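Architecture and fold: a report
In case you want the letters, here they are:
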Amino acid sequence: MRIIIVDDEIKALQLFLSQIVDIDLEYRFFKDDKAAIIDFAKKNELSGAFLDVNMPNINGIELARKLVQIDHSIKIVFVTGTNVKMEQLPEDIANNVIDIIYKPFSTDSIEKALRIISKKKPVLTAKMFGSFDCFINNHIVQFTSSKSKELFALLLALNGKSLTMSQAITYLWPDKDVDKAKILYRDAVWRLRSVLEDISFNCVDFQRALLVLDKSNIKCDYYDFLEGKKKIADESFLSSYDWSLDFENEIYMISQNRNDK
Amino acid sequence: MKRSLKRILSNITCLLLLSAGSLFTIFFFGNVELSNDFKVGTRYVTLFAVILMAIIFLIELSSQLLNKNSSKTTMLLSVLTLGFILSSRDSINMVAYFGEVKYPIVYDLLHSLFFFTAMFVILFFYCRDYQLDSKYFLLIGLVSTIALFTADVFSIIFDFQFYTALIIMSLTLVIYFTFFFISYQKRTMDNRFVIIGFIFFILTGSYIASSSGVYFTNYPLGLESWGVIVIFTLFLMIYADQIVRMFKKTYASQEYERRIKELQSTILMEQINPHFIFNSLVLIKSIYLTDREKGDRAIDLLSKHIRANVDVKGGKLLIPIEEELKNVECFVELANMQNNEPLNMVFNIDAYDFMVPILSIEPFIENAIKYSRIQGKEDGYIELSTSETDNHYVIKVSDNGVGFSKEELAKSNSQGIKNALSRFEFLLRATTRVVSMPNKGTSIEISIPKAGR
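1. Here we look at the overall build of chain B
The helix and strand tally for chain B stands at 15 helices and seven strands. Across the 453 residues in chain B, those meeting the buried criterion constitute 48%. Here the analysis covers contacts within chain B between residues at least 6 apart in sequence; of these, 77% occur between residues at least 24 apart. Per element, the accessible surface of chain B, about 24,200 Å² overall, is 64% carbon and sulfur.

Here it is as structure tokens:
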């Protein structure tokens, strides 16, 4: 996949791009030499372009328009410090702009845009034996509260089955009174929702008093175990959560069966 | 329930009055032996009515040509009323003085045509302008109007006007129930709605009187002319209403724009808090010494916080509640990084998908952190909750901090909170309530009416 990057401050972006390993990427930097950019775009097939909006000699939006004229399928990402909004973009390029990244940007946002350009869907990896943790693109997912993390673990453990509010409360807040538990449940749901939105991995359908997990694009050692790809449970399941005992029995049974065979 | 009963009763009363009025007119006028002088006098009244209606028609026509947004309903009604009076028996009476009327039946047929078309226009006006959800009403109205018109034409041709009154009464019922249905569904009826309702009553009443009256008794001469003169005044009322509304609208929009500009500048002034930003920067510098990833996180949070503030400058006033909650979340996380004792913040979010003014919840949290002194408390917390009732979304921010007495509240209530509350009130017509008790905590409740209610 070939992309071009047009920006005054090259240094920072270069650092970020070098960190991204799992996407096959060929990139080329340009300062503000308009003729060279257009020439390059005409000779090479480009998947995407990262453009600054305000540059001394060229206007990013004008440049985007030129690039779209050369190749209608090119995907544009604006990288800007100013306050450009999606809805303010002119119509003829709006369809090609997939994202606007504001400075100072994070690796995540660059990676997200690259993934959209490469049409590669992100995969969430969950580690459920031992202590629980989730990773997206090799970065650890930071949950903003321990209970929202636990709630997500529970959803994963339920393996695609829906989770009602009352179920969640009996698992996670067994000794709290109902009203207090409901508040804590909603807090955990909001935080989980917010974290998943931040990493743009919307795998949970948040309905009223009901959560449903979409298992596609989730890689998880527990699922590997259930499918038989992973033979034995070497560590205890979700060791830090009390309710994991309910699942531990089943895992034990499966292990026993496998051993017998 | 009580209210709907009142509505039904008042509607039935109106219907009875209409029928009684028609019958009274027919018999009262019909039994009077008309003198020649009376007939001559009526001639002038009719002429007067025709001229008035022609003036209205000209006004409507010119406003239609000059202003494309003007209503077609009133124009159609004015031309139909003009036709109505020109083909009435009053007109026959008027024309008879100049010469012989050769085919009175043509007058009657035209009269019927104008009447039924006007009825349908009114029906259409009610259905369209008041967004009556059911298309069936329009269909039933169209079919029954055509059917009744056909029946009326037959009764005129075969001189069988005995049933005409009954026929028209049934059309009246169709339109009446549309009227009733709308007024029942939508709580607000504007002046135009009522005025056109009156025009409808007058047209129906005089048509019943003129067509059935002939059969029972004599024709109540001059009745329709007087009816049209009343319709003329009703049109004047529509114009007055329009003018008043226009003035109100321009005034309101000017006032609105002024307030919005004022709001934008106040949000800007108070929200960009340099103290907080510099503190954050110092903090980030120190975090980077030990934990690079945490430093990145802090920079992301700070830039999100600043961006939310900059968005106000972009003219955005309302944002989805989810976004505002994220602003709060990022503010709290950043604030927690600055404080040794992290704040216990609970998001009790039970309602999503509604709009709030930008940066309108954050000031409450900021205030609670500053004044409630919950951070020193063992079980201190701030709870932010959203919930939903049938008609409202409710946002509640409460803490169990030190609270204020009433006097303190009035004095110390920061400008930021006042502005945020007034933005809720002004932009969303929300009602707000601040309750604070010393040593028990403060709670702020905002209830936002759902749109379209």
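Don't stop here, the text continues.
2. A word on the sheet that holds strand β8 (residues 139–140) of chain A
Residues and elements named next belong to chain A. Across the sheet, which stays open at both edges, the four strands sit in the order β8-β7-β6-β12 with mixed pairing between neighbours. Both outer strands of the open sheet, β8 and β12 (218–220), are each paired with one neighbouring strand and no more. Sheet topology note: the strand β6 (residues 124–127)/β12 ladder contains three bridges and is parallel. From the neighbouring strand, T125 faces β12, where its bridge partner is K219. Contacts from helix α6 (residues 146–157) reach β6, β7 (133–136) and β12 within the one sheet, and its direction differs from that of β7 by about 85°.

3. Quick notes on the environment of V77(A)
Residues and elements named next belong to chain A. Within the secondary structure, V77 sits in strand β4 (residues 75–80). For V77, a relative accessible area of 0% corresponds to the buried category. Measuring from C-alpha to C-alpha, the distance between V77 and I98 comes to 5.9 Å, with 21 residues separating the pair along the chain. For V77, the contacting residues outside a window of four places in its chain are A49, F50, L51, I98, D99, I101, A113 and I117.

4. Structural notes on the pairing of strand β10 (residues 204–207) of chain A
Residues and elements named next belong to chain A. The pairing of β10 with strand β11 (residues 210–213) spans four bridges and is classified as antiparallel. In the strand pairing of β11, F206 is matched with L211. What sits between the antiparallel neighbours β10 and β11 is a turn of two residues, in which A209 has the positive phi angle 55°.

5. Some points on the interface of chain A and chain B
Every contact between the two is made by 20 residues of chain A and, on the other side, 22 residues of chain B. Between chain A and chain B, roughly 2,100 Å² of surface is buried when both sides are summed, and carbon and sulfur atoms account for 43% of that area. Remark: the boundary between chain A and chain B carries six salt bridges. Between R193(A) and E322(B) there is a salt bridge whose closest N-O contact spans 3.6 Å. Our count for the chain A to chain B interface comes out at eight residue pairs in polar contact (both at pLDDT 80 or more). Classifying every residue of the side of chain A that touches chain B by side-chain character gives five nonpolar, six polar and nine charged.

6. Observations regarding the packing of helix α10 (residues 274–290) of chain B against helix α12 (residues 321–338) of chain B
In helix packing, the relevant descriptors are the interaxial angle and the interaxial distance, both defined with respect to the helix axes. Residues and elements named next belong to chain B. The contact between α10 and α12 brings their axes to 10 Å, and the two run at 60°. Here α12 runs oblique to α10, going by the angle between their axes. The element α10 and its partner α12 pack so that their crossing is left-handed. Across the interface between the two elements, F276, N279, S280, L283 and I287 from α10 touch F331, L334, M337 and Q338 from α12. Partitioned by chemical class, the residues of the contact of α10 with α12 number six nonpolar, three polar and no charged.

7. With respect to the sheet that holds strand β3 (residues 48–52) of chain A
Strand pairing in a sheet is mediated by backbone hydrogen bonds. Such pairs are either parallel or antiparallel. Residues and elements named next belong to chain A. The strand order across the open sheet formed by five strands is β2-β1-β3-β4-β5, and the pairing between neighbours is parallel. The open sheet terminates on both sides in strands that have one partner only, identified here as β2 (26–30) and β5 (97–102). Each neighbouring strand pair of the sheet contributes to a mean axis angle of 15°, computed without reference to strand direction. Where β4 meets β5, five bridges bridge the pair, whose relative direction is parallel.

8. So, the nonpolar core
Across soluble globular proteins, you tend to see nonpolar side chains buried next to one another. Residues M128(A), F132(A), F152(A), L156(A), I395(B), F424(B) and I448(B) are the most contacted members of the largest nonpolar core, which totals 100 residues. Discounting chain neighbours no more than four positions away, the residues touching L156(A) are A126(A), M128(A), F132(A), C134(A), L213(A), I218(A), Y222(A) and Y223(A). One finds I85(B), F125(B), F193(B) and F232(B) within the second-largest nonpolar core, a separate group that totals 37 residues.

9. Section: the packing of aromatic side chains
This model, assessed by the stated rule, comprises 25 aromatic pairs over all chains. The interplanar angle of 10° and the centroid separation of 4.3 Å between the aromatic rings of F354(B) and Y393(B) together place this pair among those described as stacked. Of the two residues, F354(B) is situated in the loop between β2 (345–349) and β3 (355–357) and Y393(B) in strand β5 (residues 392–399); the sequence distance between them amounts to 39 residues. Each member of the pair, F354(B) as well as Y393(B), is classed as buried. Chaining the aromatic ring pairs together yields one cluster made of F129(A), F132(A), Y171(A), Y222(A), Y223(A), F225(A), F237(A), Y241(A), W243(A) and F247(A).

Criteria and thresholds
- Residues numbered from 1 in each chain as written.
- Chains lettered and ligands numbered in written order.
- Predicted model: local features only at pLDDT ≥ 70, side-chain atom pairs only at ≥ 80, totals over all residues.
- Heavy atoms only, no water.
- Helix = DSSP H or I, 4+ residues; strand = E, 2+ residues; numbered from the N terminus.
- Buried < 20%, exposed > 50% of the residue type's maximum accessible area, 1.4 Å probe, protein only.
- Contact = heavy atoms within 4.5 Å.
- Areas by Shrake-Rupley, 256 points an atom, 1.4 Å probe, with all protein chains shown as cover.
- Pairing = 2+ DSSP bridges.
- Axes fitted to C-alpha atoms, helices over the stretch in contact; angles between N-to-C directions.
- Buried area = accessible area lost by both parts, 1.4 Å probe.
- Salt bridge = Lys/Arg side-chain N within 4 Å of Asp/Glu carboxyl O.
- Polar contact = N/O pair within 3.5 Å; in protein donor to acceptor, adjacent residues only side chain to side chain.
- Nonpolar A, V, L, I, M, F, W, Y, C, P; charged D, E, K, R; others polar.
- Parallel < 35°, antiparallel > 145°, perpendicular 65-115°, else oblique.
- Left-handed = near helix turned anticlockwise from the far one by under 90°.
- Core = buried A, V, L, I, M, F, W, Y, C linked by side-chain atoms within 4.5 Å.
- Phe/Tyr/Trp six-rings, centres within 6.5 Å; stacked < 30°, edge-to-face > 60°.

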